[in-house]
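As a plain string of letters, each chain reads:
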Amino acid sequence: MDELLEVLGYKVRSSEMAEVAQKLEQLEMVLSNDDVGSTVLNDTVHYNPSDLSNWVETMLSELNNPESSDLDPTRICEDRSAFPKAEEGADEEASSKRIRLESVGSWGELTRPLVVVDSQETGVRLVHALVACAEAIQQQDLNLADALVKSVGTLAASQAGAMGKVATYFAQGLARRIYAADLSGGSSVGSSFEEALQMHFYESCPYLKFAHFTANQAILEAVTTARRVHVIDLGLNQGMQWPALMQALAVRPGGPPSFRLTGVGPPQTESSDSLQQLGWKLAQFAQAIGVEFEFKGLAAESLSDLEPEMFETRPESETLVVNSVFELHRLLNRSGSVEKLLTTVKTVKPRIVTTVEQEANHNGVVFLDRFNEALHYYSSLFDSLEDSYTLPSQDRVMSEVYLGRQIVNVVAAEGTDRVERHETLAQWKVRMGSVGFDPVPLGSSAFKQASMLLSVFAGGDGYRVEENDGCLMLGWQTRPLIATSAWKLAGA
Amino acid sequence: MAASDEVNLIDSKTVVPLNTWVLISTFKLSYNLLRRSDGTFNRHLAEYLDRKVTANANPEDGVFSFDVVIDRTTSLLSRVYRPAYASDQEGPVSVLDLEKPLDDEIVPVILFFHGGSFAHSSSNSKIYDTLCRRLVGACGGCVVVSVNYRRAPESPYPCAYDDGWTALNWVNSRTWLESKKDSKVRIFLAGDSSGGNIVHNVALKAGEAGIDVLGNVLLNPMFGGEERTESEKRLDGKYFVTVRDRDWYWKAFLPEGEDREHPACNPFGARAKSLRGLRFPKSLVVVAGLDLIQDWQLAYAEGLERAGKEVRLVHLEKATIGFYLLPNNTYFHSVMDEIAAFVNAES
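By the naming in an unreviewed UniProt entry, chain B goes by Alpha/beta hydrolase fold-3 domain-containing protein and is assigned to Brassica cretica. Reading the Sequence similarities (unreviewed entry) entry of the UniProt record for chain B gives the comment "Belongs to the 'GDXG' lipolytic enzyme family."

Chain A appears in an unreviewed UniProt entry as DELLA protein from Brassica cretica. Per UniProt, the comment on chain A under Function (unreviewed entry) is "Transcriptional regulator that acts as a repressor of the gibberellin (GA) signaling pathway. Probably acts by participating in large multiprotein complexes that repress transcription of GA-inducible genes." Listed under Sequence similarities (unreviewed entry) in UniProt, the entry text for chain A is "Belongs to the GRAS family. DELLA subfamily."

Structural data, given as structure tokens:
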């Protein structure tokens, strides 16, 4: 790769430079000849602008093969898959190896993105105490840590705004760690409570909505020609993602496909089968909008318990989608778990896999590093909640509880109890690549619609959508907080 | 298509390295897509295409950065770049140390305004993050504060200037940015393209308000006027830029109904206030010889001189726009040296 351009965000092989230049010239000539070209390209969906060669090539073929000006995602999907040409086979492997090596390198190098809100000048003492306490724990000086965590509590109580709240949760986590009490980190509360908390989180800020929305966009693009669609949701929760997808399918030109949903959830108690109830509700919704619908609930203690047969796939007739929102990182608590799940997913041959994960490195080996990372991450997150409302609401309060539980888990839990093992997109890319998945880029139309969605839902305008190497990230100010990516089987 | 257009393409290719040509042509292409003839701007596609990078408290090549929300009401953000505290710094700088007071007797603080003709780019655009990092290194250890000002056409004149003014006041009031020698913040204003224009206007305001600015650095600053100058006619479309696109950006930035004789566009035109007798810092004005608006930039330097202000004009004969984005040409290095000398001249 040309190093100088790579620093600026563009990946161009030095050997390709002249060819890329030529294509740019061609594009220039075509565009200067007619104004329509510019309009067409404005409406086109763009993918992965860092890959200059492909980006320019795609635009050229858009202009040279004028289709109707209506966006035809099918054709674009085909174009993309046409790109790994036969002679590039060996190259692809080499470059994917290169990517793997580079990512491992970046795994070791910490990027610590920090957004400081100026009004935090008064919170300095509080941050000081928090960090000092974490350091004391790292040095195993529990007496000092104990003294410090008490001062954090006092300071946090008198600190207004997001900083005070975040500090309180971190103090809770620190206290639990110091007293080695209940290192399950509070995970024993019960799944229905968790789900209820997530609902509040869903309502009060755009993160989950963004996750669902962008994953659905990728799904829609992947199933445009499918007559029967089967979605496996690895974390059904309250099923909030699916009504919107079903609605989009319902209004598809040519009529909706049939929609089968397999929702995975925690083991059900005998008195309630919430999975089935949810299935019923979704079935009623589907009927109301005229979509043929089938549902199955799959209860599993852990996603790594899933076996391919359980999904009862129908590969002859159905296009399969696997969806995971904030589920994969939980499997990092046991060696081999996530690989087992991903292999299971691979076995059922999905057309597309959509994943959404927190964009953070909360799974480092060193406690102090994890602590610092989490402190900054959740500070940004709480900050964004703060801005969305002028008055506290139940939704926001419960969202804070929802996030607070994550914080306590990151800080206090260890071993298999620690399930909030967030890792960055770069790390997930390595993992997905080594199991045998290739990235499917999310494009400019998903980006645009996600941006527009934000302006409708979110109160503050600090939310930012960013494209990063084919994936979409939602962040607060300049700090990315969650990342959506899409995958297909390598070579598919 | 006329043969002369083909000549144009070949022309620009002979004066810059191939990778520079690819980079600037890519911007030219994207920017063409974003500007609509009805004056609106495809902001979503612009944000999608812009390559961005987060701040990083973990020093890279001796420089670390962090973002600060300096005005919550307008979400005005700035990115601060500082030299690493120790050359063998391991791991990120702690959040408690981000605003550690400056250690040296004299440290220039450069308030930087990125370019983009008032419409494009952000302080977290990779091209500008990279440039700011290089500035810290080139100046032998200064602090750079890059302002994420509001852009046209959504936020036209005077938003960018207002944001610059807010940032200037913020920098001026940070005790941790004071040089040890006399507990003063040693502020320089710097910017390229529209950023250079903002520098001029913020400096004007600073002079009126009595805030000390030690120097202005203007890299290919964006100025204009109603007249079509000789350089505009001669170089139109030849080196990545056209008069037509310049007109579009002025229309997007200037108030409705205004023309390019507005003082924001033409600071030494008939409608502009004279600088004579006004407090105004010394200026370093860098003009690229293949930039079609150079006549306006040269007129700017002249105007400063006539008003009795100190100017150092650096006219780079065969430089095009954006030459400072890649360190693969001698102009890049000589300009970095010029800027370093300029900001370190104070004692």
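What follows picks up the thread again.
**Student:** Which parts of the structure should I look at to understand the overall build of chain B?
**Tutor:** For chain B, the helix and strand inventory stands at 10 helices and 8 strands. A compact globule built from 347 residues would reach a C-alpha radius of gyration of about 20 Å, and chain B, at 19 Å, matches this within 12%. A principal-axis box enclosing the C-alpha atoms of chain B has dimensions of 60 × 45 × 40 Å. Going through the 347 residues of chain B one by one, you find that 62% of them count as buried. Contacts in chain B between residues at least 24 apart in sequence constitute 74% of all its contacts with a sequence separation of at least 6. As presented, chain B carries roughly 12700 Å² of accessible surface, and 48% of it is formed by carbon and sulfur atoms. Seen as two clouds, the 39 positive and the 46 negative side-chain charges of chain B have centres 2 Å apart.

**Student:** Honestly, the interface of chain A and chain B in this entry has me stumped. Any pointers?
**Tutor:** Frequently, the measure chosen for interface size is the accessible area that the parts lose on association. Every contact between the two is made by 66 residues of chain A and, on the other side, 54 residues of chain B. Summed over both sides, the interface between chain A and chain B buries roughly 5200 Å², with carbon and sulfur atoms accounting for 64% of that surface. Residue A:Asp383 is joined to B:Arg72 by a salt bridge in which the shortest nitrogen-to-oxygen separation is 3.6 Å. Linking chain A with chain B are 14 residue pairs in polar contact (both at pLDDT 80 or more), by the criterion used here. By residue number, the principal contributor to the side of chain A that touches chain B is helix α2 (residues 17–33) of chain A, which donates 12 residues. A class-by-class count of the residues in the side of chain A that touches chain B yields 33 nonpolar, 18 polar and 15 charged. Pairing of strand β1 (residues 115–117) of chain A with strand β1 (residues 63–71) of chain B, which is carried by 3 bridges, proceeds in the parallel orientation. When the bridges of β1(B) are listed, A:Val116 appears paired with B:Val68.

**Student:** Would you mind going over the packing of helix α10 (residues 191–204) of chain A against helix α16 (residues 394–412) of chain A with me for this structure?
**Tutor:** The axes of two packed helices give the description: the angle between them and the distance between them. All names here are of chain A. In contact at an axis separation of 8 Å, α10 and α16 are set at 120 degrees when each is read in the N-to-C sense. Between α10 and α16, the angle falls in the class oblique. When you trace α10 past α16, the crossing you get is left-handed. In contact with Glu194, Leu197, Gln198, His200, Phe201, Glu203 and Ser204 of α10, α16 contributes Gln394, Asp395, Arg396, Met398, Ser399, Val401, Tyr402, Leu403 and Arg405. For the contact of α10 with α16, a count of residues per class yields 6 nonpolar, 5 polar and 5 charged.

**Student:** For this particular structure, what's the right way to read the side chain of A:Ser258?
**Tutor:** All names here are of chain A. On the secondary structure map, Ser258 appears in strand β3 (residues 258–265). Classification of Ser258 as buried rests on a relative accessible area of 8%. Engagement of the side chain of Ser258 in a polar contact is seen with the side chain of Arg228, the distance being 3.4 Å. Once residues within four sequence positions are removed from consideration, Ser258 is found in contact with Arg227, Arg228, Val229 and Glu292.

**Student:** Got a minute to help me understand the UniProt feature "active site" (unreviewed entry) in chain B in this structure?
**Tutor:** Residue and element names in this part refer to chain B. Here, UniProt's "active site" (unreviewed entry) annotation points to Ser193. Mapped onto the fold, Ser193 is located in the loop between β5 (186–192) and α6 (194–209). Discounting residues that sit within four places of it in the chain, Ser193 has contacts with Gly115, Gly116, Ser117, Leu219, Asn220, Pro221 and Met222.

**Student:** Is there a simple way to explain the environment of A:Met473 in this structure?
**Tutor:** Residues and elements named next belong to chain A. Structurally, Met473 is set in strand β9 (residues 471–476). Exposure remark for Met473: the relative accessible area of 3% places this residue in the buried category. The spatial distance from the C-alpha of Met473 to the C-alpha of Val356 is 9.3 Å, given a sequence separation of 117 residues. In this view, Met473 contacts Phe210, Glu359, Leu425, Arg464, Val465, Glu466, Asn468, Pro480, Ile482 and Ala483; residues no more than four positions away in its chain are not counted.

**Student:** Would you mind showing me how to read the state of the cysteines here?
**Tutor:** Working definition: the covalent bond between the sulfur atoms of two cysteines is a disulfide. For the structure shown, the criterion picks out 0 disulfides over all chains. Distance from the sulfur of B:Cys159, which forms no disulfide, to the nearest cysteine sulfur (B:Cys265) is 17 Å.

**Student:** In this structure, what is going on with the nonpolar core? I would like to understand it.
**Tutor:** Soluble globular proteins: nonpolar side chains tend toward being buried together. By size, the foremost hydrophobic cluster in this structure holds 226 residues, and its most contacted members are A:Phe170, A:Leu174, A:Tyr207, A:Phe259, B:Leu168 and B:Leu189. Not counting residues within four places of it along the chain, the set of residues in contact with A:Phe259 comprises A:Val229, A:Val231, A:Trp242, A:Leu245, A:Met246, A:Leu249, A:Val291, A:Glu292, A:Phe293 and A:Glu294.

**Student:** Explain the pairing of strand β8 (residues 311–316) of chain B here, please?
**Tutor:** Both faces of the sheet carry side chains from a regular strand, because those side chains alternate between them. Residue and element names in this part refer to chain B. As judged from the 6 bridges shared by strand β7 (residues 282–288) and β8, these two strands associate in the parallel manner. Note that in β8 the partner of Leu284 across the bridge is Arg312. Read from β7 through helix α9 (residues 294–306) to β8, the crossover connection turns out right-handed.

**Student:** Sorry if this is basic, but what is going on with the packing of aromatic side chains here?
**Tutor:** Given two aromatic rings, one states the distance between the centres and the angle between the planes to describe the pair. What the rule picks out here adds up to 33 aromatic pairs over all chains. Pairing A:Tyr10 with B:Phe27 gives two aromatic rings, centres 6.3 Å apart and planes at 70 degrees, and the pair type is edge-to-face. Of this pair, A:Tyr10 sits in the loop between α1 (3–7) and α2 while B:Phe27 sits in helix α2 (residues 18–34), which puts the two residues in different chains. B:Phe27 shares its class with A:Tyr10; the two are buried. Between B:Trp170 and B:Trp176, the ring centres sit 6.3 Å apart and the planes meet at 80 degrees, which makes this aromatic pair edge-to-face. Of the two residues, B:Trp170 and B:Trp176, both sit in the buried class. Taking NZ or CZ as reference, A:Lys209 lies 5.4 Å from the ring centre of A:Tyr202, over its face. Note that B:Lys282 overlies the ring of B:Phe342, its terminal NZ or CZ placed 4.3 Å from the centroid.

How each quantity is defined
- Residues numbered from 1 in each chain as written.
- Chains lettered and ligands numbered in written order.
- Predicted model: local features only at pLDDT ≥ 70, side-chain atom pairs only at ≥ 80, totals over all residues.
- Heavy atoms only, no water.
- UniProt positions renumbered as here; feature names shortened; annotations may be inferred.
- Helix = DSSP H or I, 4+ residues; strand = E, 2+ residues; numbered from the N terminus.
- Rg over C-alpha atoms; globule rule 2.2 N^0.38 Å.
- Buried < 20%, exposed > 50% of the residue type's maximum accessible area, 1.4 Å probe, protein only.
- Contact = heavy atoms within 4.5 Å.
- Areas by Shrake-Rupley, 256 points an atom, 1.4 Å probe, with all protein chains shown as cover.
- Lys, Arg positive; Asp, Glu negative; His and termini not counted.
- Charge placed at Lys NZ, Arg CZ, Asp CG, Glu CD.
- Buried area = accessible area lost by both parts, 1.4 Å probe.
- Salt bridge = Lys/Arg side-chain N within 4 Å of Asp/Glu carboxyl O.
- Polar contact = N/O pair within 3.5 Å; in protein donor to acceptor, adjacent residues only side chain to side chain.
- Nonpolar A, V, L, I, M, F, W, Y, C, P; charged D, E, K, R; others polar.
- Pairing = 2+ DSSP bridges.
- Axes fitted to C-alpha atoms, helices over the stretch in contact; angles between N-to-C directions.
- Parallel < 35°, antiparallel > 145°, perpendicular 65-115°, else oblique.
- Left-handed = near helix turned anticlockwise from the far one by under 90°.
- Disulfide = S-S within 2.5 Å.
- Core = buried A, V, L, I, M, F, W, Y, C linked by side-chain atoms within 4.5 Å.
- Right-handed = clockwise from strand over helix to strand, strands pointing away.
- Phe/Tyr/Trp six-rings, centres within 6.5 Å; stacked < 30°, edge-to-face > 60°.
- Lys NZ or Arg CZ within 6 Å of the ring centre and 35° of its normal.

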